[in-house]
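# Geometric and topological summary
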Amino acid sequence: MVWLREKRIAPQPGTVGRRMKYAWPDATFLGRLGSGALEDLLSQGTPMEYPTHRHLLQQGDQGRHVLLLTRGVVKVVASSESGYEMLLAVRVAGDFVGEMAAFEDRPRSGTVIACSDVRVRVIQMPALETFLTRHPDAMKAMLGMLSGRLRWANRRRVDFRAYDATTRLARVIAELSRTYGSRVTLSQSELASLAGLATPTAERALASLSRRGLVERGFRQITVCDVPKLLVFAKVFDENPY
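Reading guide: rules and limits
Residues numbered from 1 in each chain as written. Predicted model: local features only at pLDDT ≥ 70, side-chain atom pairs only at ≥ 80, totals over all residues. Heavy atoms only, no water. Helix = DSSP H or I, 4+ residues; strand = E, 2+ residues; numbered from the N terminus. Contact = heavy atoms within 4.5 Å. Areas by Shrake-Rupley, 256 points an atom, 1.4 Å probe, with all protein chains shown as cover. 1 Å grid on protein atoms, 1.4 Å probe; cavity = no way out; pocket = protein on both sides within 12 Å on 5 of 7 lines; lining within 4 Å. Points joined across faces, edges and corners; volume = space filled by probe spheres on them. Axes fitted to C-alpha atoms, helices over the stretch in contact; angles between N-to-C directions. Parallel < 35°, antiparallel > 145°, perpendicular 65-115°, else oblique. Nonpolar A, V, L, I, M, F, W, Y, C, P; charged D, E, K, R; others polar. Buried < 20%, exposed > 50% of the residue type's maximum accessible area, 1.4 Å probe, protein only. Polar contact = N/O pair within 3.5 Å; in protein donor to acceptor, adjacent residues only side chain to side chain. Expected span 1.5 Å × (residues − 1). Core = buried A, V, L, I, M, F, W, Y, C linked by side-chain atoms within 4.5 Å. Pairing = 2+ DSSP bridges.

Turning our eyes to something else, we now look at the overall build of the protein chain. Regarding its fold elements, the protein chain presents eight helices and twelve strands. In the protein chain, once contacts between residues fewer than 6 apart in sequence are set aside, the share between residues at least 24 apart is 74%. Accessible surface, the protein chain as shown: approximately 13000 Å² in total, 53% of it carbon and sulfur.

And the structure:
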């Protein structure tokens, strides 16, 4: 497995032990909400916990509920009829998963798998619709989240034609690191899948990034050495990877 993380700077003297206010990542749905809507949403639905590797949602299933992640990391994968499996996205605490099928009332388009111990709130679609009606700002946040995810998918399609393998992998690593700011556990083949690369090609691209001093490779982990330099190399400028 690969742990993707950013190299941390040692804390300043006197800061260790200070109580920090928890903040949801800005790109997540919870990170977009005001305090009133946030407290309301976190009271909705039924709390559930899932262990690592457990399937939370299954491709093809029918369902009119969504999952609000409140702890942990999940991955979204899709399988073709031929059996080919591709990693579509990574989601973290603060994100919704399953909203596409719920809004469209169609079968699930992907399988959601826990990458760590995960805590969620299971929210039925009628309750979510009532919440969004009650909080217009939350509806705006939902539209912004969905629009951002579509933009991210479109950008990956452009990447396949516009950039070489090393740049494509750098873009994926840079966006994951900048967005999540925490460890994301993926296999090398899954990281390659996000970049649209064959695994051997991704391994060569990763070696190239390492030689450039942009990442360090260790046992089961990749450390981003310098996020600003990686963003410049990857040509990622003020982009929202959602």
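Turning to empty space enclosed by the protein, a few remarks are in order. Empty space left among the atoms is revealed by rolling a probe the size of a water molecule over them. Evaluation of the coordinates by the stated rule reveals two cavities of 30 Å³ or more. Looking at the second largest cavity, its volume works out to about 50 Å³. Forming the walls of the second largest cavity are Leu 169, Gln 188, Leu 191, Ala 192, Ala 202, Glu 203 and Leu 206. At the level of elements, helix H6 (188-195) and helix H7 (199-211) are the ones that each hand at least two residues to the lining of the second largest cavity.

This part is about the packing of helix H3 (residues 125-134) against helix H4 (residues 136-162). At a minimum axis separation of 5 Å, H3 and H4 run at an interaxial angle of 115°. Taken together, the axes of H3 and H4 are roughly perpendicular relative to one another. Residue-level contacts link Leu 128, Phe 131, Leu 132, Thr 133 and Arg 134 of H3 to Pro 136, Ala 138, Met 139 and Met 142 of H4. Taken together, the residues of the contact of H3 with H4 break down into seven nonpolar, one polar and one charged.

With that out of the way, let us pick up the side chain of Gln 44. Within the element layout of this structure, Gln 44 appears in the loop between helix H1 (35-41) and strand S2 (46-50). For Gln 44, a relative accessible area of 16% puts it in the buried group. Within polar-contact distance, the side chain of Gln 44 engages the side chain of Asp 40 at 2.9 Å.

All right, on to H4 then. Each α-helix turn comprises 3.6 residues. Residues three or four places apart therefore point the same way. Between its first and last C-alpha, H4 extends 38 Å over 27 residues, near the 39 Å set by a 1.5 Å rise per residue. Looking only at H4, the buried set comprises Ala 138, Ala 141, Met 142, Met 145, Gly 148, Arg 149, Trp 152, Arg 155, Arg 156 and Asp 159.

This next bit is on the nonpolar core. Of all hydrophobic cores here, the largest spans 33 residues; its most connected members are Leu 169, Ile 173, Leu 191, Leu 194, Leu 209 and Leu 230. Secondary structure elements with two or more residues in this core: strand S5 (73-79), strand S6 (85-92), helix H5 (165-180), H6, H7, strand S12 (221-224) and helix H8 (227-234). The leading source of residues in this core is H5, at six residues.

So, on to the layout of surface pockets. Each pocket or cavity is described by its volume, and for the largest pocket that value is around 760 Å³. Around the largest pocket sit 32 residues that line it, and Leu 88, Ala 89, Arg 91, Met 100 and Ser 109 are the ones nearest its centre. For the lining of the largest pocket, the secondary-structure elements that each account for two or more residues are S6, strand S7 (96-97), helix H2 (99-104), H4 and H6. Per-element accounting of the lining of the largest pocket gives the leading share, eight residues, to H4. By residue class, the composition of the lining of the largest pocket is 20 nonpolar, four polar and eight charged.

Here H7 is 13 residues long and its end C-alpha atoms lie 19 Å apart, about the 18 Å a rise of 1.5 Å per residue gives. What H7 keeps buried is the set Ala 202, Ala 205, Leu 206, Ala 207, Ser 208 and Leu 209. Positive backbone phi, at 80°, marks Gly 213, one or two positions downstream of H7.

Our focus in this paragraph is unusual backbone geometry. Unlike most non-glycine residues, His 53 shows phi in positive territory, near 80°. Positive phi values are uncommon outside glycine, yet Asp 105 reaches one of about 55°. Secondary-structure assignment places Asp 105 in the loop between H2 and strand S8 (111-114).

This part covers the sheet that holds S6. Spatially, four strands are ordered S3-S8-S5-S6 in an open sheet, and the strand pairing comes out antiparallel. The open sheet terminates on both sides in strands that have one partner only, identified here as strand S3 (55-57) and S6. Strand after strand, the sheet turns through a mean of 30° between neighbouring axes, direction not considered.

Before going further, it helps to spend a moment on the sheet that holds strand S4 (residues 65-71). Paired through backbone hydrogen bonds, the strands of a sheet run either parallel or antiparallel to each other. Strand order in the open sheet formed by four strands is S2-S9-S4-S7, with antiparallel pairing between adjacent strands. With one partner strand each, in any of the chains shown, S2 and S7 form the two edges of the open sheet. The pairing of S4 with strand S9 (residues 118-124) spans six bridges and is classified as antiparallel. Looking across to S9, one finds that Leu 68 is bridged to Arg 121. Contacting S4, S7 and S9, H3 runs over the sheet at an angle of about 85° to S9.

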